[in-house]
Amino acid sequence: MSTDTRSAQRPSEAPRLKKPSWKDPRLLVGLLLVLASTAGVIALIGSQNTTTEVYSARHDIAVGSDLSAEDFVGVPVRLGDSADSYLPVSEGIPEGAVATRLVTQGELLPSAAIGTPDELDRKPVGLSVADPLPTGTAAGDRVDIWVSLRTDTNTYEEPRLLLEAAEVAELTVGESALGGSASTLVQVLVDDEAMPELLNALSNDARIAVVLNPGAGS
């Protein structure tokens, strides 16, 4: 007589889930990770909303120009990682500072554009030209300087290129008594190597032509 033992076997009981305890290290680690992530997000949002007041140029400032607070207006901006590249208003303009490169109207003043006269590797020289430059020529454009040296009272040598792709520091268009264009004063930046030859041409009444070189700065 066989006996059915299946009824005597009790089904295995499923493991009971334990309610997590506050003392469970895994729970504590998870909470720490959540808190750290939340703090990081809050810090990131806070840094993105932080503004710094920096200088913005009221007008074009040519290379070599003395810098003063009157040339700028303070504007609050979010600079993020580039904050160290600009001079904050809280630090003020250094005494005796000059512009080492052209700063255009509305541009934020970068720290790299502030220096002393001794740091300038190019100096502005004024050239008065009778032929007007193309409309729209402005500071920062590049020009070629051609000269014709005087041989006697009424004759000149063939024009030759003296200075290529010189940067325009400032441009002033004069007017005649009748209101028409008379002459243009072009301030160009010249390095020390080319300075003697240019000054020699100017002192000997050479004919000087300034020609726009639009492709030089590209």
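Description of the structure in this document. (Residues numbered from 1 in each chain as written. Predicted model: local features only at pLDDT ≥ 70, side-chain atom pairs only at ≥ 80, totals over all residues. Heavy atoms only, no water.)

**Digging into the overall build of the protein chain**
This is how the line gets drawn: Here a helix means four or more residues in a row that DSSP labels H or I, a strand means two or more in a row labelled E, and each is numbered from the N terminus. Burial classification: accessible surface area is computed with a 1.4 Å probe over protein chains only, and a residue below 20% of its type maximum counts as buried, one above 50% as exposed, and the rest as partly exposed. The contact rule is simple, with two residues in contact once any of their heavy atoms fall within 4.5 Å.
For the protein chain, the helix and strand inventory stands at 2 helices and 9 strands. Sequence-ordered secondary structure for the protein chain, helices as α and strands as β, is α-β-β-β-β-β-β-β-β-α-β. Considering the protein chain as a whole, with its 218 residues, one finds that 25% of them fall into the buried category. Excluding contacts between residues fewer than 6 apart, the proportion of contacts in the protein chain whose partners are at least 24 apart in sequence is 61%.

**Quick word on the nonpolar core**
Condition: The criterion is simple. A nonpolar core is a set of buried Ala, Val, Leu, Ile, Met, Phe, Trp, Tyr and Cys residues joined through side-chain atoms within 4.5 Å.
The biggest cluster of nonpolar side chains holds 21 residues, and the ones touching the most others in it are Leu127, Val143, Ile145, Val188, Val190, Leu198 and Val210. Among the elements of the structure, β5 (122-129), β6 (142-148), β7 (160-175), β8 (181-191), α2 (195-203) and β9 (207-212) are those that each provide at least two residues to this core. The greatest single-element share of this core, amounting to 4 residues, is contributed by β7. Ignoring any residue separated from it by four or fewer positions in sequence, one finds valine 190 in contact with Asp121, Arg122, Lys123, Val125, Leu163, Met195 and Leu198. Within the second largest apolar cluster, 13 residues are counted, among which are Leu87, Ile93, Ala97 and Leu109.

**Re the side chain of threonine 137**
Threshold: Pairing of N or O atoms within 3.5 Å defines a polar contact, subject to two protein rules: one partner must be a possible hydrogen donor and the other a possible acceptor, and residues neighboring in sequence count only if both atoms are side-chain atoms.
Within the element layout of this structure, threonine 137 appears in the loop between β5 and β6. Residue threonine 137 is classed as buried on the basis of its relative accessible area, which comes to 10%. Among the polar contacts listed, one links the side chain of threonine 137 to the backbone oxygen of proline 134, at a separation of 2.7 Å.

**Quick notes on α2**
Quick note on the threshold: The arc in question is traced by the directions running from the helix axis to the C-beta atoms.
Taken together, the buried positions of α2 are Met195, Leu198 and Ala201. Buried residues along α2 cover an arc of 130 degrees about the axis, so they all sit on one side. Opposite the packed face of α2, turned more than 90 degrees from it, sit the exposed residues Pro196 and Ser203. One or two positions beyond α2, positive phi appears at aspartate 205, with a value near 55 degrees.

**Some remarks on a nonpolar patch on the surface**
Put simply, the rule reads: Exposure above 30% relative accessible area and the lack of any salt bridge qualify a residue for a patch; like charges then connect within 9 Å, and the nonpolar side chains Val, Leu, Ile, Met, Phe, Trp and Tyr within 5 Å. Each accessible area is a Shrake-Rupley estimate made with a 1.4 Å probe; only the visible protein chains count as cover when residues are assessed. For salt bridges, the criterion is a side-chain nitrogen of Lys or Arg within 4 Å of an Asp or Glu carboxyl oxygen.
Side chains of Trp146, Leu161 and Val211 sit close together on the surface and give an oily, nonpolar patch of about 230 Å² of accessible area. Note that valine 211 resides in strand β9. Classification of valine 211 as partly exposed rests on a relative accessible area of 38%.

**Let's talk about the pattern of salt bridges**
Summed over the entire model, instances satisfying the criterion amount to 6 salt bridges. Residue glutamate 167 pairs with arginine 122 through a salt bridge whose shortest N-O separation is 2.8 Å. Of this pair, glutamate 167 sits in strand β7 while arginine 122 sits in strand β5, placing them 45 residues apart in sequence. Exposure remark for arginine 122: the relative accessible area of 22% places this residue in the partly exposed category.

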